[in-house]
Amino acid sequence: MTASDRADLVVDLARMSSRGLAVAGGKAANLGELLRAGFPVPPGFVITTAAYDQVVQNNSLHDAIVSAVSPGGGASVRVRFETATIPPDIERAILDAYRRLGEGPVAVRSSATAEDLPEAAFAGQQETFLGIVDEKGLLDAVRCCWASLWSDRAISYRERQGLADTPVKLAVIVQRLVPADAAGVMFTANPVTGARDESIIDASTGLGEAVVSGIVTPDHFVLHNTRHRWQIVERQRGRREIEVRPRAGGGIEHVTG
């Protein structure tokens with residue numbers, strides 16, 4: 001495999017855009033758009049769907065994937081992805097990109113091609129792994145992200161959205177992990193009413209994983225835009241039952257109190 005071929009397997013996040021949905025999945029494509037717009041997105045890279053395809057081919061996973069679309073059929077393919085052999089050129093490309101990021105923990109995030117679509121968000125359907133600090137942990141997390149495309153939850157969600165027969169693949173994002181004091185989610189339009197002049201923020205102390213996984217009651221803010229000026233029109237204090245924090249030696253911990 002040439003250096004050019006390896007470049008197609010692992011791509012810098014800054015090169016992504018909305019045109020890259022089939023290569024990088026919805027999450028990575030949208031992160032690329034944020035970078036292009038000048039937002040401070042943590043640096044990272046994308047293990048593309050071309051790498052996913054090669055792992056499927058080299059590990060003879062096609063028939064298992066076909067079987068996985070039936071109810072309860074995902075368990076076998078998940079196990080096979082979790083123990084799959086990553087071809088040497090793909091492994092080398094992943095580790096080279098990881099070393100270029102420098103020292104420090106990273107987040108390993110799933111980015112499916114049927115994700116962040118106008119008609120289906122797929123939020124939380126595939127796995128994310130936080131606080132990865134070594135090469136073996138990185139490769140294991142990448143395998144588990146691939147496997148999570150075939151969890152019973154993800155398969156059922158695609159079926160409910162009428163996408164059960166739509167070919168789906170998974171790219172993986174590796175990003176520098178920000179040790180946030182507080183984090184959360186912002187909706188640039190009201191997700192309940194669809195109002196474009198309102199933004200909603202749900203946030204809590206620690207990493208945003210506590211909010212997106214639903215294990216904490218977050219602080220809730222509604223902002224309204226009047227004549228290009230934003231004002232907080234609603235504010236609810238959360239309970240902050242748990243903080244998710246990075247551990248010094250890698251991984252994360254849940255802290256209460």
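Above this note sits the structure.
Below or above, wherever it landed, is the structure these notes cover. (Residues numbered from 1 in each chain as written. Predicted model: local features only at pLDDT ≥ 70, side-chain atom pairs only at ≥ 80, totals over all residues. Heavy atoms only, no water.)

Our focus in this paragraph is the nonpolar core. Ranked by internal contacts, the top residues of the largest apolar core, which has 40 residues, are I47, Y52, F81, V108, L138, W146 and W150. When contributions to this core are tallied by element, the ones reaching two or more residues are β2 (44–47), α3 (49–58), α4 (62–68), α5 (74–82), α6 (88–101), β3 (106–112), α7 (135–148) and β5 (170–176). Among the elements that line this core, the one with the most residues is α7, at seven residues. Dropping the residues within four chain positions of it, I47 is found in contact with L9, V10, I94, V142, W146, A171, V172 and V174. Grouped together as the second largest cluster of nonpolar side chains are ten residues, A24, A28, L31 and A171 included. (Core = buried A, V, L, I, M, F, W, Y, C linked by side-chain atoms within 4.5 Å. Buried < 20%, exposed > 50% of the residue type's maximum accessible area, 1.4 Å probe, protein only. Helix = DSSP H or I, 4+ residues; strand = E, 2+ residues; numbered from the N terminus. Contact = heavy atoms within 4.5 Å.)

Next up on the list: helix α8 (residues 152–160). Taken residue by residue, α8 has A154, I155, Y157 and R158 as its buried positions. Around the axis of α8, the buried residues are gathered within 160° of arc, so they sit on the same side. Exposed side of α8, more than 90 degrees from the buried face: E159 and R160 are the residues found there. Check the buried side of α8 and you find it contacts α4, α5 and α7. (Arc of directions from axis to C-beta.)

Within the fold, L170 resides in strand β5. Between the alpha carbons of L170 and T113 there is a distance of 6.2 Å; along the sequence they are 57 residues apart. Every residue in contact with L170, bar those within four places of it in the chain, is listed here: T48, T49, Y52, S110, S111, A112, Q126, C145, W146 and L149.

One open sheet holds the five strands; their spatial order is β1-β2-β5-β3-β4, and the pairing between them is antiparallel. Strands at the two margins of the open sheet, each flanked by one partner only, are β1 (10–12) and β4 (128–132). Between one strand axis and the next, the sheet turns by 20° as a mean value, whatever way the strands run. One ladder, built from three bridges, connects β1 with β2; its direction is antiparallel. Paired with D12 across the bridge in β2 is F45. Contacts from α7 reach β2, β3, β4 and β5 within the one sheet, and its direction differs from that of β3 by about 25°. (Pairing = 2+ DSSP bridges. Axes fitted to C-alpha atoms, helices over the stretch in contact; angles between N-to-C directions.)

So, about the packing of aromatic side chains. Applying the stated criterion to the full structure yields one aromatic pair. An angle of 20° between the planes, with centres 5.5 Å apart, marks the rings of Y52 and F81 as stacked. Placement of Y52 in helix α3 and of F81 in helix α5 is noted, with a sequence separation of 29 residues between them. No difference in accessibility class separates Y52 from F81, as the two residues are buried. (Phe/Tyr/Trp six-rings, centres within 6.5 Å; stacked < 30°, edge-to-face > 60°.)

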